[in-house]
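The primary structure of each chain is shown beneath.
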Amino acid sequence: MRIGVDWGGTKIEAIALDDAGALLMRHRAPTPSGDYEGTLRAVAALIAFVEKGLGRQGSIGVGAPGAVSTRSGLVKNSNSTALNGKPLERDLAELLGRPIRLANDANCFALSEAVDGAAAGRRVVFGVILGTGVGGGLVVDREVVAGRNRIAGEWGHNPLPWARDDERPGAPCYCGKSGCIETFLSGAGLARDCLSRTGRRKSAEEIAEAAALGDADAEVSLAIYQDRLARGLASVINVVDPDAIVLGGGLSNIARLYAGLPELVSRYAFSDGVETPILPALHGDSSGVRGAAWLWPSV
Ligand SMILES: [Zn+2]
């Protein structure tokens, strides 16, 4: 049995999967806000609850925002700031009395979709998160490729490729640079594009709804967004050339983005054509916690 834990900013969730990946149990609790020690105890309590309910122990995989620094073993780059600078993997293993596996939540998403999600059966899978932030993860043969610096897949902080004059230098990014892909393809990026062209303040969700109802301005915003997404993905394909790309996160639910996307990507990639399937996630919001469970290949 595999147990996966999703350590989020507002809630923590644990699931148990049997060896075939079927869901045995799911349980959630609110994240004690800004309280690292309290969250550790809450995670341990969730795991104890699941194991008691099912009458057996499982392997423990945890997905969390941020990455573990290879230099210090401490969490870095996390938007759950209570985690930064903390030896999460060691502390949780100590509290549970057994080893755990820890991975970035975008990597867990990619793993879940590669194992038994939209890209099941494909060898090299690139998972993309389009949401509040823009992240990604690379999976090869059902294993996360974390990378030498633990940043593999972080395409959101590359500059937008083939940038046009009106796209330079781009908006400042929280990472300290400007014009990152994330500043264009996050929900806030889509909303900012709409505001700057039309003067109308709309959320990404409202833009998608308006476009579906035939609003021409909203449709233009989505077309520009799709073109930028195509450029970002083409640069990923030029480096990794994965067997499939899976889109997750809130913006991946906009059906309009998929139609015509492969043709657009083909225009930018260094190839006479691009056959890469670009697929919506199968497990939706559950992919992070499922991927955390799959961090252990066998029990
Ligand atoms: Zn950035």
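Residues numbered from 1 in each chain as written. Predicted model: local features only at pLDDT ≥ 70, side-chain atom pairs only at ≥ 80, totals over all residues. Heavy atoms only, no water.

Attention now moves to the overall build of the protein chain. Helix and strand counts for the protein chain come out as 9 helices and 12 strands. Here the protein chain has a C-alpha radius of gyration of 19 Å; the compact-globule value for 299 residues is 19 Å, and the two agree. Taken over the C-alpha atoms alone, the protein chain extends approximately 55 × 40 × 40 Å along its principal axes. Across the 299 residues in the protein chain, those meeting the buried criterion constitute 51%. Contacts spanning at least 24 positions in sequence make up 62% of the contacts within the protein chain whose residues lie at least 6 apart. (Helix = DSSP H or I, 4+ residues; strand = E, 2+ residues; numbered from the N terminus. Rg over C-alpha atoms; globule rule 2.2 N^0.38 Å. Buried < 20%, exposed > 50% of the residue type's maximum accessible area, 1.4 Å probe, protein only. Contact = heavy atoms within 4.5 Å.)

Residues in a regular strand point their side chains to alternate faces of the sheet. With 7 bridges joining them, strand β2 (residues 11-17) and strand β3 (residues 23-30) adopt antiparallel strand pairing. For Leu17, the partnering residue across the bridge sits in β3 and is Leu23. Following β2, the chain reverses through 5 residues before pairing antiparallel with β3; Gly21 in that reversal takes a positive phi of roughly 95°. (Pairing = 2+ DSSP bridges.)

What follows covers the sheet that holds strand β11 (residues 244-248). Read across the sheet, 5 strands follow the order β10-β9-β8-β11-β12 without closing on themselves; strand pairing throughout is mixed. On the outer flanks of this sheet lie β10 (143-144) and β12 (278-280), each paired with one strand and no other. With 7 bridges connecting them, strand β8 (residues 124-130) and strand β9 (residues 134-140) associate as antiparallel partners. Residue pairing across strands places Ile129 opposite Gly135, the latter belonging to β9.

So, on to the packing of aromatic side chains. Applying the stated criterion across every chain, the model contains 3 aromatic pairs. Note on Trp7 and Tyr36: the rings are 6.3 Å apart at their centroids and 35° apart in plane angle, and the pair reads as tilted. Taken together, the residues Trp7 in strand β1 (residues 2-7) and Tyr36 in helix α1 (residues 36-54) connect sequence positions 29 residues apart. Residue class for Trp7 comes out buried when judged on its relative accessible area of 4%. Pairing Phe126 with Trp155 gives two aromatic rings, centres 6.4 Å apart and planes at 85°, and the pair type is edge-to-face. Of the two residues, Phe126 is situated in strand β8 and Trp155 in the loop between β10 and α4 (181-185); the sequence distance between them amounts to 29 residues. Residue Trp155 is classed as buried on the basis of its relative accessible area of 3%. Against the face of Tyr36 rests Lys86, its NZ or CZ located 5.3 Å from the ring centre. Taking the ring centre of Trp294 as reference, the NZ or CZ of Arg142 above it sits at 5.9 Å. (Phe/Tyr/Trp six-rings, centres within 6.5 Å; stacked < 30°, edge-to-face > 60°. Lys NZ or Arg CZ within 6 Å of the ring centre and 35° of its normal.)

The subject of this paragraph is the packing of α1 against helix α2 (residues 88-96). Running from N to C, α1 and α2 point in directions that differ by 50°, and their axes come no closer than 10 Å. If you check the angle between α1 and α2, you find them oblique. The handedness of the crossing between α1 and α2 is right-handed. Of α2, the residues touching α1 (which contributes Tyr36, Leu40, Arg41, Val43, Ala44 and Ile47) are Leu88, Asp91, Leu92, Leu95 and Leu96. (Axes fitted to C-alpha atoms, helices over the stretch in contact; angles between N-to-C directions. Parallel < 35°, antiparallel > 145°, perpendicular 65-115°, else oblique. Left-handed = near helix turned anticlockwise from the far one by under 90°.)

The domain architecture assigned to the protein chain consists of domain 1 (2-108 + 286-293) and domain 2 (122-281). With centres defined by C-alpha atoms, the gap from domain 1 to domain 2 works out at 28 Å. Each partner contributes to the interface: domain 1 provides 7 residues, whereas domain 2 provides 13 residues. It is Thr70, Ala106 and Asn107 in domain 1 that bury the most area against domain 2; as a group they hold 65% of the surface buried on that side. Joining domain 1 to domain 2, the criterion identifies 0 salt bridges. If you look at where domain 1 meets domain 2, you find 1 residue pair in polar contact (both at pLDDT 80 or more). At the level of elements, β5 (67-68) and α3 (105-116) are the ones that each hand at least two residues to the side of domain 1 that touches domain 2. (Domains from an automatic or database assignment. Buried area = accessible area lost by both parts, 1.4 Å probe. Salt bridge = Lys/Arg side-chain N within 4 Å of Asp/Glu carboxyl O. Polar contact = N/O pair within 3.5 Å; in protein donor to acceptor, adjacent residues only side chain to side chain.)

Attention shifts here to the coordination of the zinc ion. Within the first shell, the zinc ion binds the protein through His157 (ND1), Cys173 (SG), Cys175 (SG) and Cys180 (SG), at distances of 2.1 to 2.3 Å. For the zinc ion, the 4 donor atoms in the first shell make angles of 105 to 120° at the metal, so the coordination geometry reads as tetrahedral. Expressed as a motif, the donor residue spacing for the zinc ion is H-x15-C-x1-C-x4-C. (Donors = N, O, S within 2.8 Å, 3.2 Å for Na, K, Ca; no water. Tetrahedral: all angles 85-135°; square planar, octahedral: opposite > 155°, others 65-115°.)

Take the side chain of Thr276 next. Here Thr276 is to be found in the loop between α8 (261-268) and β12. If sequence neighbours within four positions are ignored, Thr276 has contacts with Ile237, Asp241, Pro242, Asp243, Ala244 and Ile245.

The next point concerns the packing of helix α6 (residues 204-212) against helix α7 (residues 216-239). Contact geometry for α6 and α7: axes closest at 7 Å, N-to-C directions at 115°. The way α6 lies across α7 gives a crossing that is left-handed. For the pair α6 and α7, the contacting residues are Ile207, Ala208, Ala210 and Ala211 in the first and Ala218, Glu219, Ser221 and Leu222 in the second. Taken together, the residues that form the contact of α6 with α7 break down as 6 nonpolar, 1 polar and 1 charged. (Nonpolar A, V, L, I, M, F, W, Y, C, P; charged D, E, K, R; others polar.)

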